[in-house]
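# Topology and contacts: notes
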Amino acid sequence: MKKIISVVGARPNFMKIAPIHFQFSKYKNTLSHLICHTGQHYDEKMSKIFFDELGLPKPDFYLGVGSGSHAVQTAAVMVAFEKILSAEKPDLVLVAGDVNSTIACSLVAKKLHIAVAHVEAGLRSFDRGMPEEINRILTDTISDFLFVTEESGMQNLKKEGIADEKVFFTGNVMIDSLVSNLPLIDASAIRSQLQIEDTEYLLVTLHRPSNVDDRDSLSDILGLLNKHARGRKVVFPVHPRTRSNIKAFGLQEEIAPEVILTEPIGYIDFVHLVKNARVIITDSGGIQEESTFLGVQCVTLRDNTERPITVSVGTNHLAGTDVAKADSVIADVLAGKVKKGGIPPLWDGKAAERICQELIQHSLS
Ligand code: UD1
């Protein structure tokens, strides 16, 4: 019996691991698939709700590391995960995305000579000021299996000298979760709960340190939201980092009444809001992909994206972090200068199946 431990830590990991877990479950006579939750995200609404909604089992291991500086958080995951690996001795550790738990666990596994598979490999923003970019580069460098979501990832890995035989273009597992949950997503009652059923609304998410950790940037962005809230609603589920900064900077009073602030929203309700929004304003990575798949216009408040296919093929508009520029991009999109958008190759709901097949063929049989 081969043993695999998949790692989840932060919110965007859960919907990436769920479809992989369901694929591995088909081989339970020959594969034992265990899930380790590092506890990087721990609030009910940042973590447990996703397990429940996605049908993931309770994690086999919970490290409970919580928040902290990058060094504190990464080191805490490493120390706790090494104990799990030493006891369990799995054949493979599977990590996803670019969060601190991703690099922490792959590094520990590699040093114990355990093979590492990285799901969502090869993405690059080329901005080394982003903690995620460091996590991506380091994880890809030491991984044995690199599963790529879009063509740019294949090119990036080639340029970095990663051997072709380690790299597999398998598509986007986040879209697998979206596709398999579409009936529930369509049935969500969140718009009636927020009383926006008959209203055009903008959906906003913000959590990048570059946008929300600086008072002036956050204040400027809130001003931008107020402006575009005139005559329509703005729905803004607030990430804990952003909520604590709004409070710390004393910006609560600057937010217009048309801006509906909510707690973080669960997966099904959130994707329902994405699907029905007039425009999305975000700095998230995953939402750029979900909006592209759903054909919804997305304005990204960043200077770069590690997911360029959402701009070249999808509905994403890269507006930068200069609010005047972002303001004119949002105004253009609202005025009808929209992108028709297409669905990128292999974003078809079958990425996890391809990943599982490659692993069985190359390592787990
Ligand atoms: C992390 C990831 C980021 C990802 C994001 C998704 C890294 C470096 N960053 O950023 O790539 O896009 O998750 O949400 O891994 N907090 C809570 N409750 C929680 C979790 C966090 O209150 O359940 C608060 C804490 O005050 C914490 C802060 O949010 O200090 C930031 O959490 P952290 O995990 O450090 O980074 P994120 O900003 O969430």
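That block above? That's the structure.
Residues numbered from 1 in each chain as written. Predicted model: local features only at pLDDT ≥ 70, side-chain atom pairs only at ≥ 80, totals over all residues. Heavy atoms only, no water.

## Some thoughts on the overall build of the protein chain
- Per the secondary structure count, the protein chain includes 17 helices and 13 strands.
- For 365 residues, the compact-globule formula gives about 21 Å, and the C-alpha radius of gyration of the protein chain, at 20 Å, lands near that figure.
- With the principal axes as the frame, the protein chain shows a C-alpha extent of 60 × 40 × 40 Å.
- When the accessible area of the protein chain is evaluated, it comes to approximately 14,800 Å², of which 53% is carbon and sulfur surface.
- Taking the average location of the 39 positive side-chain charges in the protein chain and that of its 45 negative ones, the two points are 2 Å from each other. (Helix = DSSP H or I, 4+ residues; strand = E, 2+ residues; numbered from the N terminus. Rg over C-alpha atoms; globule rule 2.2 N^0.38 Å. Areas by Shrake-Rupley, 256 points an atom, 1.4 Å probe, with all protein chains shown as cover. Lys, Arg positive; Asp, Glu negative; His and termini not counted. Charge placed at Lys NZ, Arg CZ, Asp CG, Glu CD.)

## A short note on the pairing of strand β8 (residues 201-205)
- The element β8 is extensively covered by neighbouring structure, given that five of its five residues are classed as buried.
- Of the two faces of β8, the one lined by Tyr201, Leu203 and Thr205 and the one lined by Leu202 and Val204 are each fully buried.
- Sheet topology note: the β8/strand β9 (residues 233-237) ladder contains three bridges and is parallel. When the sheet's bridge partners are listed, Leu203 is paired in β9 with Val235.
- The pairing of β8 with strand β11 (residues 279-282) spans four bridges and is parallel. Note on β11: the bridge partner recorded for Val204 is Ile281. (Buried < 20%, exposed > 50% of the residue type's maximum accessible area, 1.4 Å probe, protein only. Pairing = 2+ DSSP bridges.)

## Side note on the site of the ligand
- Near the ligand lie 19 residues; those nearest to it are His41, Asn100, Glu132, His207 and Arg241.
- In this structure, Glu132 approaches the ligand through a side-chain N or O atom, which is 2.5 Å from an oxygen atom.
- Those elements that place two or more of their residues in the shell around the ligand are α3 (70-88) and α12 (240-248).
- Residue classes in the shell around the ligand are distributed as six nonpolar, eight polar and five charged. (Near = heavy atom within 4 Å. Polar contact = N/O pair within 3.5 Å; in protein donor to acceptor, adjacent residues only side chain to side chain. Nonpolar A, V, L, I, M, F, W, Y, C, P; charged D, E, K, R; others polar.)

## Let's talk about the sheet that holds strand β10 (residues 259-262)
- Pairing in this open sheet of six strands is parallel, and the strands run β10-β9-β8-β11-β12-β13 from one edge to the other. Looking at strand neighbours, the two that pair on one side only are β10 and β13 (316-318), the edges of this open sheet. Each strand axis lies, on average, 20 degrees off the axis of its neighbour in the sheet, ignoring direction.
- Direction of pairing for β9 relative to β10: parallel, over a ladder of four bridges. Following the sheet pairing, Pro237 is matched in β10 by Thr262. (Axes fitted to C-alpha atoms, helices over the stretch in contact; angles between N-to-C directions.)

## Observations regarding the side chain of Ser125
- Mapped onto the fold, Ser125 is located in the loop between β5 (115-121) and α5 (131-142).
- The class of Ser125 is buried, set by a relative accessible area of 6%.
- Setting aside its immediate chain neighbours within four residues, Ser125 contacts Met130, Glu133, Arg136, Arg302, Asn304, Thr305 and Glu306. (Contact = heavy atoms within 4.5 Å.)

## Focus: a negative patch on the surface
- A surface patch of like charges, here negative, comprises Asp214, Asp216, Asp220, Asp303 and Asp322.
- Within the element layout of this structure, Asp216 appears in helix α11 (residues 215-229). (Patch = residues over 30% accessible without salt bridge, like charges linked within 9 Å, V, L, I, M, F, W, Y side chains within 5 Å. Salt bridge = Lys/Arg side-chain N within 4 Å of Asp/Glu carboxyl O.)

## Observations concerning helix α17 (residues 351-364)
- Restricting attention to buried positions, one finds in α17 the residues Ala351, Ala352, Ile355, Cys356, Leu359, Ile360 and Leu364. One side of α17 carries all its buried residues, which in axial view fall inside an arc of 165 degrees. (Arc of directions from axis to C-beta.)

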